[in-house]
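Residues per chain, in single letters:
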Amino acid sequence: LNYVNSGAYNGTVIHRLVPGFVIQGGWLNFNEGQQTFYELATAPNIGNEFATLNRRGTLAMAKRGGDPHSANSQWFINLADNPDLNTANGGYTVFGRVLGSGMQIVDKIAALPPVTVLSGYDPFPLIGYTGGTLFNRHLVSLSMTVVGTTSGHPVVFDAATARLHARINA
């Protein structure tokens, strides 16, 4: 929520698409004029808190291989049930779920053509890109804000349902 509240995620892009697996964001911004990507400034890492299965439509923290406590700003949405993510690297911590008809939008992003934009990294989903100069309109960019107010803590974990309740309009 600190990244959302500070506006840090605004303008970041979906920088990873692995069809049938995940889409990922929370890492890169794009400077169209300079044709360069730059990393989001990050806070300290978050300790692993794996407790909920990585199923289709869940949001989980991304982390470096071999370091279960390296979660930071990057997150992903599971495009399918991903049981391997429940055990690999200490399990990947699920912290949210796409609600309502939101998976229709996620599926549209996942159906975009994956294009290698940065050498050595997974392809990005791009919109109407046919080569040449990359523009912001080609990227799936994010704007996140907290909507509404809550009494007490803004995020509540319901152990009975294993759901994290937060008001975030992403």
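As the structure is a prediction and not an experimental result, all values here were calculated from the model.

**Comments concerning the packing of aromatic side chains**
Here the structure, examined in full by the defined rule, presents 5 aromatic pairs. Here Phe-30 and Phe-37 contribute two aromatic rings whose centre-to-centre distance is 4.8 Å and whose plane-to-plane angle is 45°, an arrangement assigned as tilted. In terms of burial, Phe-30 and Phe-37 fall into one category: buried. With 6.0 Å between their ring centres and 65° between their planes, Phe-76 and Tyr-92 make a pair best called edge-to-face. Placement of the pair is Phe-76 in strand E6 (residues 75–78) and Tyr-92 in the loop between E6 and strand E7 (94–97), with a sequence separation of 16 residues. Note on accessibility: Phe-76 and Tyr-92 belong to one class, buried. Members of the aromatic cluster, connected to one another through ring pairs, are Phe-30, Phe-37 and Phe-124. Residue placement shows Lys-63 over the ring face of Tyr-92; its charged tip is 4.6 Å from the ring centre.

**Examining the nonpolar core**
Ranked by size, the top nonpolar core spans 20 residues in total, and within it Tyr-9, Ile-23, Trp-75, Ile-77 and Val-106 carry the most contacts. Of all the secondary-structure elements, those providing two or more residues to this core are helix H1 (2–6), E6 and helix H2 (102–110). No other element matches the 4 residues that H2 contributes to this core. Discounting chain neighbours no more than four positions away, the residues touching Trp-75 are Tyr-9, Ile-14, Ile-23, Gln-24, Gly-25, Gly-26, Ala-60, Met-61, Ala-62, Phe-95, Leu-142 and Met-144. Ranked by size, the runner-up nonpolar core spans 9 residues in total, among them Val-13, Phe-37, Phe-124 and Leu-134.

**Things to note about the side chain of Asn-86**
Along the chain, the position of Asn-86 falls in the loop between E6 and E7. A relative accessible area of 14% means that Asn-86 is categorised as buried. Only 2.8 Å separates the side chain of Asn-86 from the backbone nitrogen of Asn-54, close enough to count as a polar contact. Apart from the residues lying within four places of it in its own chain, the contact partners of Asn-86 are Phe-50, Thr-52, Leu-53, Asn-54 and Gly-91.

**Digging into the pairing of strand E2 (residues 22–25)**
Neither face of E2 is open: one carries Val-22 and Gln-24, the other Ile-23 and Gly-25, and all of them are buried. Two elements, strand E1 (residues 16–18) and E2, share 3 bridges in a ladder whose sense is antiparallel. Of the residues in E2, the one forming a bridge with Leu-17 is Ile-23. Hairpin geometry of E1 and E2 is characterised by an intervening segment of 3 residues between the two adjacent antiparallel strands and by a positive phi of about 75° at Gly-20. Where E2 and E6 come together, 4 bridges link them in antiparallel fashion. Looking at the pairing, Gly-25 lines up with Trp-75 of E6.

**Digging into the layout of surface pockets**
Of the pockets and cavities examined, the second largest pocket occupies roughly 360 Å³. What lines the second largest pocket is a set of 21 residues, among which Gln-24, Ala-62, Lys-63, Arg-64 and Gln-74 lie closest to the centre. Residues that form the lining of the second largest pocket fall into these classes: 9 nonpolar, 8 polar and 4 charged.

Definitions and limits used
- Residues numbered from 1 in each chain as written.
- Predicted model: local features only at pLDDT ≥ 70, side-chain atom pairs only at ≥ 80, totals over all residues.
- Heavy atoms only, no water.
- Phe/Tyr/Trp six-rings, centres within 6.5 Å; stacked < 30°, edge-to-face > 60°.
- Buried < 20%, exposed > 50% of the residue type's maximum accessible area, 1.4 Å probe, protein only.
- Helix = DSSP H or I, 4+ residues; strand = E, 2+ residues; numbered from the N terminus.
- Lys NZ or Arg CZ within 6 Å of the ring centre and 35° of its normal.
- Core = buried A, V, L, I, M, F, W, Y, C linked by side-chain atoms within 4.5 Å.
- Contact = heavy atoms within 4.5 Å.
- Polar contact = N/O pair within 3.5 Å; in protein donor to acceptor, adjacent residues only side chain to side chain.
- Pairing = 2+ DSSP bridges.
- 1 Å grid on protein atoms, 1.4 Å probe; cavity = no way out; pocket = protein on both sides within 12 Å on 5 of 7 lines; lining within 4 Å.
- Points joined across faces, edges and corners; volume = space filled by probe spheres on them.
- Nonpolar A, V, L, I, M, F, W, Y, C, P; charged D, E, K, R; others polar.

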